[in-house]
Amino acid sequence: MRDSVTDLSFFNPMTVPALAALASRVSPAALASGEDMHALLRRLFPICRSITGDGVRETLAIVREYLPALQMHEVPSGTPVLDWTVPAEWNIRDAWVKNAAGERVIDFAQHNLHVLGYSTPVQGWFSRQELEEHLYSLPGQPDLIPYRTSYYQPAWGFCLRHHDRLQLQDEYYEVCIDSTLDAAGSLTYAELLLPATAPEPDAGEVLLSCHCCHPSLANDNLSGLVVAVALARQLAALPDRRYAYRFVFGPGTIGSITWLARNPEAVARIRHGLVLTLLGGPGHFTYKQSRQGAAAVDAAAALVLARHTPASEIRPWLPYGYDERQYCSPGFNLPVGCLSRTPFGEFAEYHTSADNLDFVQPAQLQESLELILRLCQTLDQNRCYRNLLPYGEPQLGRRGLYKGVGGGTEGHDWQMALLWVLSLSDGHTPLLDVAAKAGLPFELLHRAAQALAATDLLAAASVTDA
Amino acid sequence: MRDSVTDLSFFNPMTVPALAALASRVSPAALASGEDMHALLRRLFPICRSITGDGVRETLAIVREYLPALQMHEVPSGTPVLDWTVPAEWNIRDAWVKNAAGERVIDFAQHNLHVLGYSTPVQGWFSRQELEEHLYSLPGQPDLIPYRTSYYQPAWGFCLRHHDRLQLQDEYYEVCIDSTLDAAGSLTYAELLLPATAPEPDAGEVLLSCHCCHPSLANDNLSGLVVAVALARQLAALPDRRYAYRFVFGPGTIGSITWLARNPEAVARIRHGLVLTLLGGPGHFTYKQSRQGAAAVDAAAALVLARHTPASEIRPWLPYGYDERQYCSPGFNLPVGCLSRTPFGEFAEYHTSADNLDFVQPAQLQESLELILRLCQTLDQNRCYRNLLPYGEPQLGRRGLYKGVGGGTEGHDWQMALLWVLSLSDGHTPLLDVAAKAGLPFELLHRAAQALAATDLLAAASVTDA
Amino acid sequence: MRDSVTDLSFFNPMTVPALAALASRVSPAALASGEDMHALLRRLFPICRSITGDGVRETLAIVREYLPALQMHEVPSGTPVLDWTVPAEWNIRDAWVKNAAGERVIDFAQHNLHVLGYSTPVQGWFSRQELEEHLYSLPGQPDLIPYRTSYYQPAWGFCLRHHDRLQLQDEYYEVCIDSTLDAAGSLTYAELLLPATAPEPDAGEVLLSCHCCHPSLANDNLSGLVVAVALARQLAALPDRRYAYRFVFGPGTIGSITWLARNPEAVARIRHGLVLTLLGGPGHFTYKQSRQGAAAVDAAAALVLARHTPASEIRPWLPYGYDERQYCSPGFNLPVGCLSRTPFGEFAEYHTSADNLDFVQPAQLQESLELILRLCQTLDQNRCYRNLLPYGEPQLGRRGLYKGVGGGTEGHDWQMALLWVLSLSDGHTPLLDVAAKAGLPFELLHRAAQALAATDLLAAASVTDA
């Protein structure tokens, strides 16, 4: 049983080198490399995004250049969405603090983190003491500008380097925040649906979600955005997608809540989901399980991470984090996990001006894209099969699946993969479980199942069988 | 989400300092401190108890001074109880062994352990060799008197220090045991029922049981008795008891068997139970699981012990030990665990005259009382809740449960407690399970559930829902 | 509770010394010792076995001398069996390679491993280069002859020591393989059924299977064969077998497939099974679990191995190995494990001429026999009981099962065994589970259950109850 199959050329193994080939099937304008993604990220970085407003619109318009089928949605301020209400739309033109000499000592034009997100408009002179109550800085990281917001409590404020704050010695300062909060505005989000190219009845959808509400922060979460865009392009180019793939780009919390409120039918079609975030910085991958904890996406992530990035970490569900909080809220309880590199709050640059274009590296974006693509492929190829000749082992040699002359390890693993698939394919054991029991790569088991399904020995079980 | 709620004053956290406040609600005659319990124990220590007889009656009469509602029961000798029969009542006035010179060399008046429990009456002269067959001593602990009984096989005997035994060199000894075994007597046990003060339909009862059949032994089991009495007084003073609490004080084995035989209706109402024993000696706490193993009392004990006395130990069910053997016998299979400090047979003083008033310390009694009270509170507060707005996260800020300005760890834990309760409250997940998953103190989750239940977000599930 | 029962003479403990007594009940011609088994193995060793042919017939005829009730079966070549077809019958008279000088440089008469199993007949002169394509040797083990076969692909060849191969320097060699492949032949296997001697309705059968298709290899698998024969004799002598025991002796793979194809009714009666292999070499025992993984045979093996041969190993199911592959194929999914010492492929002598009569030792055969007999006894005695007085503990003393005067560890374990059986016997918990929970020897719990079943306290549950 150390023998190998000689001709595997008809299989299409999803190995890392194959990604290049895969990418080459995509149009020349593809967003396939880490460098491509980083270029897009650089273009998006300067825009001042928030949970509503023109920054989000501008961002999603650029995304649409890469994903022409992207659908834009505007939801009027005041619209009730689940337990929430769509807030007034926030826009900002300028903001500064001038000293007695009329010099801009804090200037929104220099860095859009300088303004407290969703600041109400203000204009006038303030004593230094009054001003201090509206300032945010980090004494422990005195060279960094913090990122702060106040979405649901009206407030205004400035964020600045603590070093600069200590220079503010004048008695009075002139303050201007030229912002608007428009109750007749709207919240913007976008959606892309890639239909299944190998559809099956009731196969359903895979949800991929990322937030797009942070201003000039590169890792949180432009990295998730550009990886999602590249992922959508890669998936669009694959000929054999069993699932439809739905991408949601929206502001954090209120965006996913709005989407959930408006799309009950799509919600019912979600079979697996991933929130994508913090994918461009350093650090190993971290997968946070869905609230279900034992969903297929959780099993797939465990398998893919263990094999392809062993230094990664699996964490249990926690009702805190990104938009998985909404997707996994108990009423919906969707099987949605969250994939990131170093999680939020666990790296020094988090929510500061140091989360910049240098912090996010092309190679890290590329590695993230490859991992997520592999995870999507694993979900897409994960299905149940039924052994059609389950009484005794079938004679593999007669069907060209057993070769008389011995070979190497690959041959042995291949034979074992065939035997494991035959042994466990009872019509309701997914290939992911077979892979976990066999201790063999999912890709190899998928190839073995394909080879067996080409004979009289195995048949794919339909979704409803499983 | 690092923010805290500012005003928690309306909550009544069950923290250690709060025990003092709790105690202060009790009447001046309360038995609240370790010193109080030790004083009661000293009063009870000299009485010669057995599984029947006046010693038990005298003991329970003293208990009734502290628990006026205590109900005394007398069950006639000869009454069939399950597979057993209530034995003849045993009483003893005097017992001694005199040497040839007429000196009492073993004297019941000196220590009631000197007589083999349930000794039949005897009077006459015996050769030293004949006497030796009725003597019990501990060669390995020659300064201690052992505790021995022969309840169900008629016998007489004396227990003595091995050093003293070696001094018996006379040829003949006069022996007297002035005891009676009265077939027209009875077995005595007592019961106290604290009704629920916040009753709910079918909430049921918590059983607390300790044995009272040992003569002058302090830890086994006067410690359990005095802690049970103090616990009953503490619980009686609490205004919000969802469960009724039933205390059973009776002789070991035959007492619990008698109670079980006579109280089928009460048995059916027991939801949780604890046998209390060996609570005044040194050593860490040991909880022995019920036969069910995964009962709520087992989960509560695991949680409470792990948090409040980490050096404790959880042991699996074993069909040997104290009265949990009867409560957990397979026909009843009640969810009754056993809490002790160092278990029986695992400390040198066990069942000897060294289990005396010095061995039991007030601080240890006090610590035991606090732990058991906390365990009872945990059981009483453990219930299922239902998230009434389970679709998406509710907006906590709007309900005053989310504060805009950041805080410390307490604030973070409080927010996490709110989120965990919302995430897992599906109507059939008890708060104990939420606490175990969240890794947060049960008390904090209880407070969070109370706060949420005061809004439109959460409702307690009824017992029948859960 | 440290007391012991004084008279245990009516119990028949299944301890190791008792095996001698057990063996003595068997007829004088018994095959009870390791030496006896080794003698039989020496007699069988020289025969040239294959998956069909006279070597198998001769082997099984010798087995029948020890097991007169053995039934021989001949299945015609060409018979369809599950997905396979019974192959043509192979026999061989002679085979050699002669050098230019006419000397036999490879000679089947010297060692039957020299011929590739199932070699097609051949006669003629071949150049050294042509011959080389038909030679098999082990460069890494140059002094050993490898064992090779080609059952389902027509081929001829010779196996030889690599040292000897290097001596072949002539230009031409004369080759002769005087073999026949007879399409009108048959496949031979044998079966022995020991009926239950203490039968119960629907008790079913225990399957014991070993292969008999290897030529002069001692450990693989003459060791399994002789242990199986001895086991059958031992079991036949036991008076109280609840199960019937079915032994199948046949060629690997095609033998078990043939048996499965022809015996659907017997298949339906199999309750437990073991494939016996590699039982005479050194190394600790290895039990490979059935595909079910949690079958009674898996639990029994875990318990017996852990207690009686602690250096053993339990391995999970793997769809590769010996005939358990067929018995556990998903359509049958029988609860059949595989017991061996060092597994195949994990010792240097595997499938070489070094797997010889010296490699297999009498003491190892004896130890294997004792272990398997104990495992069979455990399965036979494993049943569910029902506590007939489950309310409270019964009074054991009244029934002579509790003795008043203390004893040693045996006494304590005996009392605990009684209590564990009473505590867990709910009519559907098998004694194996009781033993695992109690941490006591299965034999002791079996004795305790027997003692309790002799009173009014316990009754064996019928198979259909459990």
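It should be emphasised that the depicted structure is a prediction, and the values quoted were computed from it without experimental measurement. (Residues numbered from 1 in each chain as written. Chains lettered and ligands numbered in written order. Predicted model: local features only at pLDDT ≥ 70, side-chain atom pairs only at ≥ 80, totals over all residues. Heavy atoms only, no water.)

Participant: What should I look at first to understand the relation of the copies chain B and chain A in this one?
Facilitator: One copy of the chain maps onto the second through a rotation around an axis plus a translation along that axis. In screw terms, the move from chain B to chain A is a rotation of 120 degrees and a rise of 0.1 Å along the axis, fitting with an RMSD of 0.1 Å. Classification of the inter-copy transformation places it as that of a three-fold axis. In terms of C-alpha distance to the rotation axis, chain B has Ala294(B) as its closest residue, with the C-alpha 13 Å off the axis. (Least-squares fit on C-alpha atoms with pLDDT ≥ 70 in both.)

Participant: What exactly am I supposed to notice about the interface of chain B and chain C here?
Facilitator: Accessible area lost when the parts come together is the quantity often used to give the size of an interface. Between chain B and chain C, the residue contacts involve 17 residues of the former and 19 residues of the latter. For the pair chain B and chain C, the summed buried area comes to about 1700 Å², and 54% of that belongs to carbon and sulfur atoms. If you sort the residues of chain B by the area they bury against chain C, Asp83(B), Pro319(B) and Tyr320(B) come out on top, with a joint share of 35%. Across the chain B-chain C interface, the total number found is three salt bridges. The shortest N-O distance in the salt bridge between Asp83(B) and Arg398(C) comes to 2.8 Å. Counting every contact that joins chain B to chain C gives eleven residue pairs in polar contact (both at pLDDT 80 or more). (Contact = heavy atoms within 4.5 Å. Buried area = accessible area lost by both parts, 1.4 Å probe. Salt bridge = Lys/Arg side-chain N within 4 Å of Asp/Glu carboxyl O. Polar contact = N/O pair within 3.5 Å; in protein donor to acceptor, adjacent residues only side chain to side chain.)

Participant: Hey, could you run me through the environment of Thr79(B) in this one?
Facilitator: Residue and element names in this part refer to chain B. Considering the arrangement of structural elements, one finds Thr79 in the loop between strand E1 (71-76) and strand E2 (80-81). On the accessibility criterion, Thr79 (22% relative accessible area) is partly exposed. Residues Thr79 and Leu187 lie 108 residues apart in sequence; the distance between their C-alpha atoms is 9.6 Å. Residues contacting Thr79, with those up to four places away along its chain left out, are Trp84, Thr85 and Val86. A polar contact is formed between the side chain of Thr79 and the backbone oxygen of Pro76, at a distance of 2.6 Å. (Helix = DSSP H or I, 4+ residues; strand = E, 2+ residues; numbered from the N terminus. Buried < 20%, exposed > 50% of the residue type's maximum accessible area, 1.4 Å probe, protein only.)

Participant: Teacher, can you tell me more about helix H13 (residues 431-438) of chain A here?
Facilitator: One turn of the α-helix equals 3.6 residues, which is why residues spaced by three or four share an orientation. Residues and elements named next belong to chain A. For H13, the full list of buried residues reads Leu431, Leu432, Val434, Ala435 and Ala438. Summarising the axial view, the buried residues of H13 lie within an arc of 160 degrees, below the 170-degree limit, and thus occupy one face. In H13, those exposed residues whose orientation departs by more than 90 degrees from the buried face are Ala436 and Lys437. Of the residues trailing H13, Gly439 is marked for its positive phi of about 65 degrees. (Arc of directions from axis to C-beta.)

Participant: It is not clear to me how the domain arrangement of chain A should be interpreted in this structure. Could you clarify?
Facilitator: All names here are of chain A. Annotation of chain A at the domain level lists domain 1 (13-86 + 186-381), domain 2 (91-182) and domain 3 (384-460). The straight-line distance from the C-alpha centre of domain 1 to that of domain 2 is 32 Å. Listed by partner, the interface residues are 21 residues for domain 1 and 16 residues for domain 2. Where domain 1 touches domain 2, the interface holds zero salt bridges. Our count for the domain 1 to domain 2 interface comes out at seven residue pairs in polar contact (both at pLDDT 80 or more). For the side of domain 1 that touches domain 2, the residue count by class is eleven nonpolar, nine polar and one charged. (Domains from an automatic or database assignment. Nonpolar A, V, L, I, M, F, W, Y, C, P; charged D, E, K, R; others polar.)

Participant: Help me out: how do you make sense of the interface of chain B and chain A in this one?
Facilitator: Each partner contributes residues to the interface: chain B has 19 residues there, and chain A has 17 residues. Remark: the boundary between chain B and chain A carries three salt bridges. For Glu393(B), the salt bridge is made with Arg325(A), and the minimal N-O distance between the two is 2.5 Å. On inspection of chain B and its partner chain A, the count reaches eleven residue pairs in polar contact (both at pLDDT 80 or more). The element best represented in the side of chain B that touches chain A is helix H12 (residues 409-424) of chain B, accounting for six residues. Taken together, the residues of the side of chain B that touches chain A break down into ten nonpolar, five polar and four charged.

Participant: Quick question: what am I supposed to make of the pairing of strand E10 (residues 186-194) of chain C here?
Facilitator: Each regular strand shows side chains that alternate between the opposite faces of the sheet. Residues and elements named next belong to chain C. The buried fraction of E10 is high, at eight of nine residues. Two elements, strand E1 (residues 71-76) and E10, share six bridges in a ladder whose sense is antiparallel. Along E10, the bridge assignment pairs Val75 with Leu187. For E10 and strand E12 (residues 244-250), the ladder comprises five bridges, and the chain directions are antiparallel. For Glu191, the partnering residue across the bridge sits in E12 and is Val248. (Pairing = 2+ DSSP bridges.)

Participant: What is the right way to read the packing of helix H6 (residues 218-237) of chain A against helix H11 (residues 362-381) of chain A from this model?
Facilitator: Geometrically, a packed helix pair is captured by the angle between its two axes and the distance between the axes. All names here are of chain A. Across the interface, H6 lies against H11 with an axial gap of 10 Å and an inter-helix angle of 50 degrees. By the criterion of interaxial angle, the relationship of H6 to H11 is oblique. For the crossing formed where H6 meets H11, the hand is right-handed. Side by side, H6 and H11 meet where Ser223, Val226, Val227, Ala230, Leu231, Gln234 and Leu235 of the first sit next to Leu365, Ser368, Leu369, Ile372, Leu373 and Cys376 of the second. (Axes fitted to C-alpha atoms, helices over the stretch in contact; angles between N-to-C directions. Parallel < 35°, antiparallel > 145°, perpendicular 65-115°, else oblique. Left-handed = near helix turned anticlockwise from the far one by under 90°.)

Participant: Help me out: how do you make sense of the packing of aromatic side chains in this one?
Facilitator: The geometry of two aromatic rings is summed up by the distance between their centres and the angle between their planes. Counted according to the given criterion, the structure contains 42 aromatic pairs over all chains. For the ring pair Tyr151(C) and Tyr152(C), a centre distance of 6.2 Å and an interplane angle of 75 degrees mean the geometry is edge-to-face. Judged by its relative accessible area of 22%, Tyr151(C) falls in the partly exposed class. Looking at Tyr152(C), the relative accessible area reads 37%, which means it is partly exposed. Taken together, Tyr320(A), Tyr322(A), Phe344(A), Phe347(A), Tyr350(A) and Phe359(A) form an aromatic cluster joined through their ring pairs. Over the face of the ring belonging to Trp96(A) we find Lys98(A), whose NZ or CZ atom lies 4.1 Å from the ring centre. (Phe/Tyr/Trp six-rings, centres within 6.5 Å; stacked < 30°, edge-to-face > 60°. Lys NZ or Arg CZ within 6 Å of the ring centre and 35° of its normal.)

Participant: Got a minute to help me understand the sheet that holds strand E13 (residues 270-276) of chain B in this structure?
Facilitator: Remark on secondary structure: sheet strands pair via backbone hydrogen bonds, oriented parallel or antiparallel. All names here are of chain B. Spatially, the eight strands line up as an open sheet ordered E1-E10-E12-E11-E13-E16-E14-E15, and their pairing is mixed. Strands at the two margins of the open sheet, each flanked by one partner only, are E1 and strand E15 (313-315). The average angle at which neighbouring strand axes cross in this sheet is 20 degrees, direction not considered. Relative to E13, strand E11 (residues 205-211) runs parallel, the two sharing five bridges. Paired with Val206 across the two strands is His272, which belongs to E13. In the packing of helix H11 (residues 362-381) onto the sheet, contacts are made with E11, strand E12 (244-250), E13 and strand E16 (336-340), and the angle to E13 comes to roughly 170 degrees.

Participant: Before we go on, may I ask you to explain unusual backbone geometry in this structure?
Facilitator: Note: most peptide bonds trans; most residues except glycine with negative phi. Note the cis peptide between Asp220(B) and Asn221(B), where omega equals 10 degrees. Tracing the chain through its elements places Asn221(B) in helix H6 (residues 218-236). A positive phi is found at Asn333(A), a non-glycine position, where the angle reads about 50 degrees. You can see Asn333(A) is positioned in the loop between helix H10 (324-327) and strand E16 (336-340). Here the phi dihedral of Thr253(B) falls at roughly 60 degrees; this positive angle occurs in a residue that is not glycine. Positionally, Thr253(B) belongs in the loop between E12 and helix H7 (254-262).

Participant: Would you explain the UniProt feature "domain: DUF4910" (unreviewed entry) in chain A in this entry?
Facilitator: UniProt's feature table lists "domain: DUF4910" (unreviewed entry) at residues 38-382 of chain A, given in the numbering used throughout. Secondary structure within residues 38-382 of chain A divides into 30% helix and 25% strand; the distance between the first and last C-alpha atoms comes to 32 Å. (UniProt positions renumbered as here; feature names shortened; annotations may be inferred.)

Participant: What exactly am I supposed to notice about the pattern of salt bridges here?
Facilitator: Side chains that differ in sign of charge can pair as their charged atoms come close. Per the counting criterion, the structure on display carries 69 salt bridges over all chains. For the salt bridge of Arg269(A) with Glu205(A), the shortest nitrogen-to-oxygen distance reads 2.9 Å. Of this pair, Arg269(A) sits in helix H8 (residues 264-269) while Glu205(A) sits in strand E11 (residues 205-211), and the two are 64 residues apart along the sequence. By relative accessible area, Arg269(A) is classed as partly exposed at 35%. Glu205(A) gets classed as buried once you look at its relative accessible area, which sits at 3%. Two residues, Glu313(B) and Arg315(B), come together in a salt bridge whose shortest N-O distance is 3.1 Å. For Glu313(B), a relative accessible area of 28% corresponds to the partly exposed category. We classify Arg315(B) as partly exposed; its relative accessible area is 24%.

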